[in-house]
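Examination of the molecular architecture
One letter stands for each residue in the lines below.
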Amino acid sequence: MPSLRTARMGRNRKGLKTLPYISIKNMDFFEYRQGELFCEETPVSRIAEEVGTPAYIYSTRTITEHYHRIEEAFSGVPLLICYSIKANGNLAILKLLKELGSGFDVVSGGEIMRALAVDADPRRIVFAGVGKTDEEIELGLAKDIFLFNVESEQELENINRIAARKAVKARVALRINPNIDPATHKYITTGKRENKFGIDIKKAEDVIARLPSLPNVELLGFHCHIGSQITTVAPYETAVQKIIELFSRCQQSYPLKYLNIGGGFGIFYKEEEARPIAEFAEKIVPLVSATHCELLLEPGRFIVGNAGILTTRVLYTKQSGEHTFVICDAGMNDLIRPSLYQAYHRIWPVKSDILPGHAIPAERRVLADVVGPVCESGDFLAKERELPRLSRGDLLAVFSAGAYGFSMSSNYNSRPRAAEVLVDGADWRVVRRRESYESLFAEEME
Ligand code: LLP
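Everything quoted here is computed from the prediction, not taken from an experiment. (Residues numbered from 1 in each chain as written. Predicted model: local features only at pLDDT ≥ 70, side-chain atom pairs only at ≥ 80, totals over all residues. Heavy atoms only, no water.)

As a further point, take the layout of surface pockets. Over the atoms rolls a probe the size of a water molecule, and its path tells where empty space is left. The calculated volume of the largest pocket comes to roughly 580 Å³. Lining of the largest pocket is provided by 31 residues; of these, Lys86, Thr190, Phe197, His225 and Tyr404 occupy positions nearest its centre. Looking at the lining of the largest pocket residue by residue, the classes come out as twelve nonpolar, eleven polar and eight charged. Two domains each provide a minimum of three residues to the lining of the largest pocket, namely domain 1 (128-299) and domain 2 (306-440). (1 Å grid on protein atoms, 1.4 Å probe; cavity = no way out; pocket = protein on both sides within 12 Å on 5 of 7 lines; lining within 4 Å. Points joined across faces, edges and corners; volume = space filled by probe spheres on them. Nonpolar A, V, L, I, M, F, W, Y, C, P; charged D, E, K, R; others polar. Domains from an automatic or database assignment.)

What follows is about the domain arrangement of the chain. A common way to report how large an interface is uses the accessible area buried once the components associate. Looking at the assigned domains, one finds that the chain contains domain 1 (128-299) and domain 2 (306-440). On a C-alpha basis, the centres of domain 1 and domain 2 stand 35 Å from each other. Counting from both sides, the interface comprises eight residues of domain 1 and, opposite them, ten residues of domain 2. The contact between domain 1 and domain 2 buries some 830 Å² in all, and 55% of this surface belongs to carbon and sulfur atoms. If you sort the residues of domain 1 by the area they bury against domain 2, His185, Tyr269 and Lys270 come out on top, with a joint share of 61%. The interface formed by domain 1 and domain 2 holds zero salt bridges in total. If you look at where domain 1 meets domain 2, you find four residue pairs in polar contact (both at pLDDT 80 or more). Taken together, the residues that form the side of domain 1 that touches domain 2 break down as five nonpolar, two polar and one charged. (Contact = heavy atoms within 4.5 Å. Buried area = accessible area lost by both parts, 1.4 Å probe. Salt bridge = Lys/Arg side-chain N within 4 Å of Asp/Glu carboxyl O. Polar contact = N/O pair within 3.5 Å; in protein donor to acceptor, adjacent residues only side chain to side chain.)

In structure tokens form, the structure reads like this:
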């Protein structure tokens, strides 16, 4: 992987020379220099002082790098990357990805509008989701989006009905549930029969047999997405093989052009737990090549996950029996992944003479629960985490928080949502201001 980083030198978006520094495991452009965390060329503490905490900080170069890694890995087939907006829908990030050539994977009317807000080409928008409402289908048709990823027979009928009323033809791909275990957390497994997603592969041909009676839908391909944070290649290989078998059987009757295998590529949270993207491509590309189809991918986490940190300040520390608590100003409303999925996010002080991953001298070592201010015992960012002793006022970085961090954040406990900042080299700007107290109840009436 270092070779890729080197290959990218001098190629960043603004033509700035990309510095050849290698960060932890070469996965992002966050790096400690003289005991202080930098995002690209910008000290994280400077941003925190100016915008306050909690704040999400994103690295343009990391997003760009990961987008290019996918593009390069899958360069052996015609490819459309449709970035999955649900991972992080900030308009500045969508704009950056649009400029890199990305299309978008959306799952709601709101996400269609987000993509259009940055002038995305509607013909590069694919729309998945088990519960598309009539209004959302109408919106998708009115904006002439590229493809509806259809998840049930009833949805297919409904799209046909709405398209007929509007005298248009909807382009669709059938989302197939291949009944594959992707070996990830059960809440983010989507391609097993017991999951609500897609059309059971055993029923797919019955649904396809209905198509002649549905003249306002045009079947152009198949879609599947078997889960998220998938760290091994084998589940993809099996899923793609199953879909391709179906594909071959249907290709005689329908001019199928697109094979969408979703997203789900795993990233490094704790250590190098996921296989490199090139290994996924190595298995998938030959299978897809044989179909002469265009490959669609819907990566979310892989592009933005390592590109963001959540910065938070220590409000208090306390001891309760054996337990050490580090109480921060970011909580489960800001980053719900540890509470919801028992997810591990690396945490380290923004300023520290000990680098992450290095031994902490015993007299300075604590085993702490890093918790937030929310009134729930399930409100934590880390449990029993070994850290250098922390004090009130210290700044912490919660790493790999760029995907499903802000996008899953809420106002629980009437907490305004965090600010978001996008860094590009030594430049940075606020791309979502911290919510105000007024905004919390702006839509309410007494
Ligand atoms: N396509 C479809 C149809 C999806 O449902 C998803 C994610 C993606 C693409 C993008 O998957 P990715 O490349 O980001 O893995 N909140 C959870 C993840 C939920 C994923 C939902 N679907 C988490 O924080 O781990």
